[in-house]
Every structure is written in C-alpha cells, then in structure tokens.
Amino acid sequence: MLTERGPVMGAEPVINIGALRRRVIDRLGSLLETQVRANGFAGVLGNMAQSTLGEIRQRLDGMSEQYDAAELEEIAGLCERLDGSRALLLDERNRQANSNTRHLVSVIDEFNHMFEIMQHSLIERDLLERQSKVLEQIILSHERVGQWREFVQAILLDFHAIFPFDMFFVAFAEENGLMMHVYYMGGSTDDARRAIREQLSRHMVEGLGLPASTAIDYEEFHVASGRQIQNPRNNQMITVKVPEHAPQLAGLLGVTYLSSMSLNPREQSVIRSILAVLVMVVGSSKVLSRTLGELEYYAAHDPLTGLYNRRQFQAMLEYEIGRSERHQHEFAVLLLDLDDFKDVNDSYGHPAGDSVLCGVAETVREAIRKGDLATRIGGDEFALLLTETGREGAMRVADKLGRALRERTFIEPGGKNFHVTVSIGVVVFPGDASTITDLMAGVDIAMYRAKEMGKDSACSLDAVKDRLLATRTTRDYAEILRVALNERRIVPFFQPIVDCRSGELFACETVARMITPEGETIAAGAFIDTVEKYGLGRSLDRSMIEQALNHLHAVPAAGGGAGQRIFINLSAQEIQGRDILGFAEAHCQKLQIRPDQVVFEILERDAIGDMTGMRRFLSRLRAKGFEFALDDFGSGYNSFHYLRELHFEYVKIDGAFVRNIASSAVDRALVRNLSKLCQEIGIRTVAEFVESEETLDLLQDIGVDYVQGFHIGMPQRDMPLAQGWGFGR
Ligand code: C2E
Ligand code: CA
Ligand code: CA
C-alpha cells in the first residue's frame, strides 16, 4: 500500500481519503481500547467477588456453633449461587469481549480493504481524467501535432510533478535504425549525457531485439531545471512497448529514475499507466502528423497523376504574377486539353483513360524545367506555368509536348496500341494579360483556337487576340452557338468523298461551320462538344439537313448534281429523338431528292448506347430509302459487334488510323483488315483523313472504296460538282 505522503498521493482526493481513514481507525482503536479496559475491569470485579465469597465461606466455617446447621447450609447455598452467577457473568463477559474484538478486527480489515479499493479507484479515476484531458488536448491541438515534441514536454512536466523522475525517452524504429528522443528532467553534464546515451542504446537494442550495429539517432531536450542529473550508474528503467497494432510506430518508451528511490510494485504500475498515456500521446501525434502531412499533400496534389491540382495552380499563379511584376520577368501559361478524350473512356474504359492521364502527366513532367509548375486542373485539362519564359520559349515547349505525346503509345485493354493528341493554348504575362482571370480566359480561347485548327496543335493568344470574343466559359460559348444557330450563322461546308480507283467525285460530307459576326469561319471540332453538352445537337442537325438538302437541290444537273450523294452527320441526341425521320422525308419530298441520295453518318460511340433503339431507328429510316454510314469505325473496341448487329451501307474508317498508315505498320494492317472485312460482308468503305499522296497510294493498294481528306479536298462553302472532278483539286 502507498504511504500517505507517497508521491502518487499528492492529488487532493487521496489526502482526504487518508484523513478519513485515520479518523475511522482512531475511533475503532478507542472502541477496542474501551473494550479491553472494560474486560480488565470485569476481570478485577470478578476476582474481588470470588475472594469475598471465599472469605464468607471461611467465616461461616468458624461460626458453626453459634448458628444452627440449617441456617448455615442456606447461607452456603446462597454463596454457591452467587459464585455460580459470578462465573456465568464473567464467562459471558469474556465471550462478548472476544466476539467484539473479532468483530472490530474484521471491521478494521474490511475497512482497510475498502480503503485500498477506494484509493485504487481514485488513482484510476485520476489517471482516466488525466488521460482524457490529454486526449482532449490532442484533439484541440491537432493543428499543432507537427510540434508533438513540445506537447510531450508539457505532459512530462505534469508527470514529473506527480512523480519525480530523471529522464524520459521515446525510441522509434525508423527505416534505417532507431530514433531516440530523450528528455532530461533537470540539468546534465556532457559526461552524464554520454553515459546515459550508452546505457539507453544498450537497453533499446536489447529490448527491441535489434542487431548491436543498429544506428541510433539522438534528439535531446532539457525540460525541468533545478536538479542536476547524476551519472546513471545504477539507474532503473521502466519501459513500455508502443503497441504492436501500430507497427509503423514500433518502439519503446520509458522513464529512468535513480536507484536510491525504491518504488513498490504499486508505484511502478502507476508509472506504467502514465507511460501508457504517453504512448498514446506520442503515437497519436505521430500518426496524426503523418496523416496531416498526407492531407496537406492531397490538398495540393491530384491523387491520380501526382501533379499539383487546380488550387495549387491558382495559388502559384498569383504568386508568380507578384514575383514577375517585381522582377520584370515574363512567364507563360499553357493550357493542355486532350483531343477526344471522351472517346478513350467510352471505347476502352476508364482504367485506360486513367493510364492516358498518367502518361500525359509523365510526358509533361519530362518536358518542363525545374521551377516550372505542372498541374492537372480538370478531367483532361492540364495547366503549366513556365517561369521566366517568353512566347517563343513557351511555343517551343508546347510543340515539344505535342510531339512527345504523339509519339507515346498507349495500350487498350484488348492489347491494341492507340495514341492521343492534345490541343494547347499559350498566354504570356504581361504581354497578353496581367490578371489571373484574364490569363485564364485568354489561355482558354487560345486552346479553343488550337482545337479549331484541327486539334493536335498549339496556339498562342496573340494569334487570336483580335477575336477576344466573350468566350470566357463554355456556357458563354453555348450561348454564342445558340445565337449563331438562330441567326443561321452555322452553315454546311462540303468535303468531297472520291472514288479511290477512278478518282471521280462520289459524294460529299456535310460538316458544320460557324461564321462569327466578324466573318470568321470556325470548324465544328471547336464547338461540337459544347453543342452536344448543352443539348443543341438536334437544332444543329435539323438546320444542317435543311441547308444541305437545299444546296443539293440547287446543284445544277448539268454539273452532275442530279444523282449526287450527300453524307450528313447526325448527333447522338437526334438518334434519341427519332422524329428526324418525318423531317428528312418531308424535305426530300419537297425538294424532289431521292432518299437514297442521303447517307446519315452515325458515330460509333453514339451507336453503342442503345442497340435495340438504334436498330429500330435505322430500320425505320432505311424503310424510307435513306442509307447509313458508321463513322470513326475502329475507334471503339467493340466495333465489329456493331457491324454485325446493325446494318450499315458504309463504314468510315477512323482517320486516326488512316493518317498514319505510311509510317505505322500496325495502323496499315488495321486499315487493311477493316477494309477486307467490310468487303467480305458487302459494306463499302470510306477512308477519312487522307492527308498525302503516299497515303492515297497505299489505300488504293489496300482496296478501300472511297477516300476523303485534306489531300483530296478541303471542306468548302460550295458543294463540289461531279463534272470535271479530279484528285487533288
Ligand atoms: P467527323 O465526322 O469525323 O468529320 C471529319 C472531321 O475531320 C471534320 O472536322 C473535318 O474538317 C476534318 N477533316 C477532314 N479531312 C481531314 C484530314 O485530312 N485531316 C484532318 N486532320 N482532319 C480532316 P470538323 O468539321 O471540325 O468536325 C469535327 C467533328 O464534328 C466531325 O467529325 C463530326 O463528328 C462533328 N460534326 C461536324 N459537322 C457536324 C454536323 O453538321 N452535325 C453533327 N451532328 N456533327 C458534326
Ligand atoms: Ca463524319
Ligand atoms: Ca470521322
């Protein structure tokens, strides 16, 4: 049991309990004393009575002549009874005294036992209270857990006030050795510290079962002052192991105290309890500071690619504006937007999409210098901040990036290779803009311009400066498109589709172009995504169908127009809507155009969604005589499935393969096989994106039916005429 002056008894409730105990024991003691005194007194009285009776008996013997025998006998009988009563009384008195003593002793025992329990639970309560105070502090101070060492010091001071010890230490098993934090509760000499370190190393290495060669790093703190810590010749240590369930914190924790202070087991166990609390504090602080570290990381980084995120980009941009203003530097912002990234996700699945994003991040990292900032600011959007870089340098980086990405090969789940390209916008501070908002709006416009130029390219804002339309966001852009549609400023351009063998004009594809109020022409690639996103697809399609049929109608028969075919793109929304049937039919009737002159192009990715609906849609339109082409064939990874399920008259082989057949054996094989397959099942093939004579030659060898592309003919305002058509016009 602890003494009342004992260190752990210092707390207020323990003192009260001690006084209470003393009082109770005093009372019990005086009870015992009274009892013993009463016993003694009764004994004396008993003896006195006995000897008096003895005397009476003697006297009676001497008076036998003066009294008659009967009287004497009566008196002797009275004495006998009196003696018997006295003996009975004494016996009873003794019995009672014994039982009272037994009773009192057991009361004292019980009281002592109860006292111990009370004291124990008070200490426990005290510990629990401290423990919960400690925990509360952990929660309250979580923003400061980086400074857990200081935190531990504060707790040690409390601990030290209750139980004066000399040192406290924590050992952590780190990746390559041990990390020791030693807190000296008082002053120390170099010698003392050296000796302590030696002793601790031995203790730790043995305690943790580590090889003797383990490297140990020391961090030492002096906490309380006043006392001088002696050489630790016979120091005793109490250590507690950091819990096993947190293996990353594996280590030991302990206190050392001077051997002159002998501690009983109870005191030792109290110290252990306090150490257990400290384990928690140190452990939680370490875990928390690690978690906070991670949180901080993810607050600034994109988890997928490890690049910085939008938030960080904004912050750095702000910082860089300030810095460049002060030092009169230029810097550049590049906005990268992947071309047709949606297709990658739709066709190959999201894991493939993710691997593309990671690949782009890697390409970006390789392309920039130290000090530049690479961030992923949205789904498939990356922003780069190139410090101390002017326009020329920025364009060089943009070109380098475009090239590096074009050359990078990705592999889809089926094992096939594919490539991605990127459109890049460039702005320069302060030449193009000098605030965050203007820089970001400007780089957005430049990026859109790159898309308009046919994607896979870079564009600097100064090249489009005069067209600083109010195109700040895609929503604004959607508004511009809506107005353009209403004002009939979205018009069809026609791109020739030519017979691969004869070189004769076979048909033309209608592609949408927006004419800006300033008279500029913007290609569909720059706005078609916004059109689809904001539900303008059906209006666009109707407008295109109407205008294209009007053009076809207007082509003079003398120029070969009468029997000419026209390919018209349909949006995904139109396929859902279905009432296009009546609309197209009515227009054909009105203009006396045979439905079989009209071929609707459906993108492979749009055909995927609702196969049954699509089949019904196709068969109803076909019943009227219209024909269909499957556009961008080969870009999806289940292409053949659609070919088999849905009947198409034409297949347009994805330009992404066609344009590379001269340089890529894989793409060449792909185009050849697609073409062969279609031939065998009686579907005619169109190869798009024919950009060179070499490609055309190869396609003729392969046996593709029709060709289309910049090398054959650019999309143009007027419908090309069959008469007098030749290659390369
Ligand atoms: P698409 O149907 O695959 O159309 C071909 C696109 O490639 C057109 O871009 C065309 O200008 C471009 N192109 C043609 N030849 C070449 C070439 O040799 N090399 C390269 N690199 N590109 C070439 P555009 O007009 O920007 O259209 C982009 C996409 O927008 C089209 O892809 C189509 O899916 C959609 N689209 C275009 N016009 C319409 C339309 O009127 N209605 C609907 N719903 N979608 C349209
Ligand atoms: Ca098309
Ligand atoms: Ca296409």
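Preceding block: the structure.
What counts, and at which threshold
Residues numbered from 1 in each chain as written. Chains lettered and ligands numbered in written order. Predicted model: local features only at pLDDT ≥ 70, side-chain atom pairs only at ≥ 80, totals over all residues. Heavy atoms only, no water. Helix = DSSP H or I, 4+ residues; strand = E, 2+ residues; numbered from the N terminus. Buried < 20%, exposed > 50% of the residue type's maximum accessible area, 1.4 Å probe, protein only. Contact = heavy atoms within 4.5 Å. Areas by Shrake-Rupley, 256 points an atom, 1.4 Å probe, with all protein chains shown as cover. Pairing = 2+ DSSP bridges. Axes fitted to C-alpha atoms, helices over the stretch in contact; angles between N-to-C directions. Phe/Tyr/Trp six-rings, centres within 6.5 Å; stacked < 30°, edge-to-face > 60°. Lys NZ or Arg CZ within 6 Å of the ring centre and 35° of its normal. Core = buried A, V, L, I, M, F, W, Y, C linked by side-chain atoms within 4.5 Å. Donors = N, O, S within 2.8 Å, 3.2 Å for Na, K, Ca; no water. Near = heavy atom within 4 Å. Polar contact = N/O pair within 3.5 Å; in protein donor to acceptor, adjacent residues only side chain to side chain. Salt bridge = Lys/Arg side-chain N within 4 Å of Asp/Glu carboxyl O. Expected span 1.5 Å × (residues − 1). Patch = residues over 30% accessible without salt bridge, like charges linked within 9 Å, V, L, I, M, F, W, Y side chains within 5 Å.

Visitor: Honestly, the overall build of the chain in this entry has me stumped. Any pointers?
Guide: Secondary structure summary: the chain contains 21 helices and 22 strands in total. Taken over 729 residues, the chain has a buried fraction of 47%. Contacts spanning at least 24 positions in sequence make up 70% of the contacts within the chain whose residues lie at least 6 apart. Summing over all exposed atoms, the chain offers an accessible surface of approximately 36300 Å²; the carbon and sulfur share of this is 51%.

Visitor: I'm lost on the sheet that holds strand 6 (residues 308-309) in this one. Help?
Guide: Pairing between sheet strands relies on hydrogen bonds along the backbone, with the strands arranged either parallel or antiparallel. The strand order across the open sheet formed by six strands is 6-8-9-7-12-13, and the pairing between neighbours is mixed. This sheet does not close on itself; its edge strands, each paired only once, are strand 6 and strand 13 (458-460). Lying over the sheet, helix 10 (residues 436-452) contacts strand 7 (331-338), strand 9 (381-386), strand 12 (422-429) and strand 13, oriented at roughly 145° with respect to strand 12.

Visitor: Sorry if this is basic, but what is going on with the packing of aromatic side chains here?
Guide: Aromatic ring pairs are described here by two measures, namely the spacing of the ring centres and the angle between the planes. On inspection of all chains with the given rule, the structure shows 10 aromatic pairs. Measuring from ring centre to ring centre gives 4.8 Å for Phe331 and Phe429, while their planes differ by 15°; the resulting arrangement is stacked. Within this pair, whereas Phe331 is found in strand 7, its partner Phe429 is found in strand 12, the two being separated by 98 residues in sequence. The same class applies to Phe331 and to Phe429, which are both buried. Three or more aromatic residues link up through ring pairs in this structure, and these residues are Phe506, Phe567, Tyr650 and Tyr706. It is Arg197 that lies over the ring of Tyr218; its NZ or CZ is 5.9 Å from the centre. Directly above the ring of Phe583 sits Arg542, whose terminal nitrogen or CZ lies 4.9 Å from the centroid.

Visitor: Explain the nonpolar core here, please?
Guide: The tendency in soluble globular proteins is for nonpolar side chains to be buried as a group. Of all hydrophobic cores here, the largest spans 56 residues; its most connected members are Ile566, Val598, Phe600, Phe617, Leu699 and Val707. With six residues, the top contributor of residues to this core is helix 15 (residues 580-591). Counting 33 residues, the second largest nonpolar core, distinct from the first, contains Leu336, Leu386, Phe410 and Phe418.

Visitor: Is there a simple way to think about the coordination of the calcium ion (ligand 2) in this case?
Guide: Each donor-metal-donor angle would ideally measure 109.5 degrees in four-coordinate tetrahedral geometry, or 90 or 180 degrees in six-coordinate octahedral geometry. At the metal site, the calcium ion (ligand 2) is ligated by Glu509 (OE), Asn569 (OD1), Glu601 (OE) and Asp631 (OD), and these contacts range over 2.1 to 2.4 Å. Each donor residue of the calcium ion (ligand 2) lies on one chain, and together they are spaced E-x59-N-x31-E-x29-D. Taken as a pair, the calcium ion (ligand 2) and the calcium ion (ligand 3) lie 4.2 Å from each other and share Asp631 as a ligand. Within this pair, whereas Glu601 is found in strand 18 (residues 598-603), its partner Asp631 is found in strand 19 (residues 627-633), the two being separated by 30 residues in sequence. Looking at Asp631, the relative accessible area reads 6%, which means it is buried.

Visitor: Hey, could you run me through the site of ligand 1 in this one?
Guide: Every one of the 27 residues lining ligand 1 counts as a neighbour, but Arg513, Gly525, Asp631, Glu691 and Phe710 are closest to it. A distance of 3.0 Å separates a nitrogen atom of ligand 1 from a polar side-chain atom of Asp541. Within the side chain of Glu691, a nitrogen or oxygen atom sits 2.5 Å from a nitrogen atom of ligand 1. Its free accessible area being 790 Å², ligand 1 has 89% of it covered by the protein chains.

Visitor: Help me understand the coordination of the calcium ion (ligand 3) in this model?
Guide: Bound to the calcium ion (ligand 3) on the protein side are Asp631 (OD), Asp632 (OD), Glu688 (OE) and Glu688 (OE), at distances that span 2.2 to 2.5 Å. Along the chain, the residues donating to the calcium ion (ligand 3) are arranged with the sequence spacing D-D-x55-E.

Visitor: Looking at this model, I keep getting lost on the pattern of salt bridges. Mind explaining?
Guide: A pair can form between side chains of opposite charge whenever their charged atoms are brought close. Evaluation of the coordinates by the stated rule reveals 32 salt bridges. For Arg622, the salt bridge identified is with Glu649, shortest N-O distance 2.9 Å. In this pair, Arg622 is assigned in helix 17 (residues 611-623) and Glu649 in the loop between helix 18 (639-645) and strand 20 (650-653), connecting sequence segments 27 residues apart. Beyond isolated ion pairs, a larger network of salt bridges with shared partners links Asp190, Arg193, Arg197 and Glu220.

Visitor: Would you mind going over the environment of Ala154 with me for this structure?
Guide: Mapped onto the elements, Ala154 comes out in helix 3 (residues 148-162). Under the relative-accessibility criterion, Ala154 is labelled partly exposed at 40%. Distance in space between the C-alpha atoms of Ala154 and Val223 is 8.6 Å, their sequence separation being 69 residues.

Visitor: Any chance you could explain helix 8 (residues 350-367) here in plain terms?
Guide: Owing to its 3.6 residues per turn, the α-helix aligns residues three or four sequence positions apart on the same side. Helix length check: helix 8, at 18 residues, gives a terminal C-alpha distance of 26 Å against a target of 26 Å (1.5 Å per residue), a fit within 8%. For helix 8, the complete set of buried residues consists of Ala352, Gly353, Val356, Leu357, Gly359, Val360, Ala361, Thr363, Val364 and Ala367.

Visitor: I tried to follow the side chain of Thr389 on my own but got confused; where do I start?
Guide: Relative to the helices and strands, Thr389 resides in the loop between strand 9 and helix 9 (391-406). For Thr389, the side chain forms a polar contact with the main-chain oxygen of Thr387, separated by 2.7 Å. Discounting residues that sit within four places of it in the chain, Thr389 has contacts with Glu330, Phe331, Ala332, Arg369, Ala394 and Val428.

Visitor: Is there a simple way to think about a nonpolar patch on the surface in this case?
Guide: Among the surface-exposed residues, Phe41, Val44, Leu45 and Met48 lie close enough to one another that they form a single nonpolar patch of about 420 Å² accessible area. Turning to its location among the elements, Leu45 is positioned in helix 1 (residues 12-62).

Visitor: I tried to follow helix 7 (residues 341-348) on my own but got confused; where do I start?
Guide: By the criterion of burial, helix 7 is predominantly enclosed, with six of the eight residues buried. All of the buried residues along helix 7 are Phe341, Asp343, Val344, Asn345, Ser347 and Tyr348. Immediately downstream of helix 7, the backbone of Gly349 shows phi near 95°, a positive value.

Visitor: Got a minute to help me understand the environment of Gln96 in this structure?
Guide: Relative to the assigned elements, Gln96 resides in helix 2 (residues 69-140). When the C-alpha positions of Gln96 and Asn39 are compared, they lie 9.5 Å apart, and in sequence the two are 57 residues distant.

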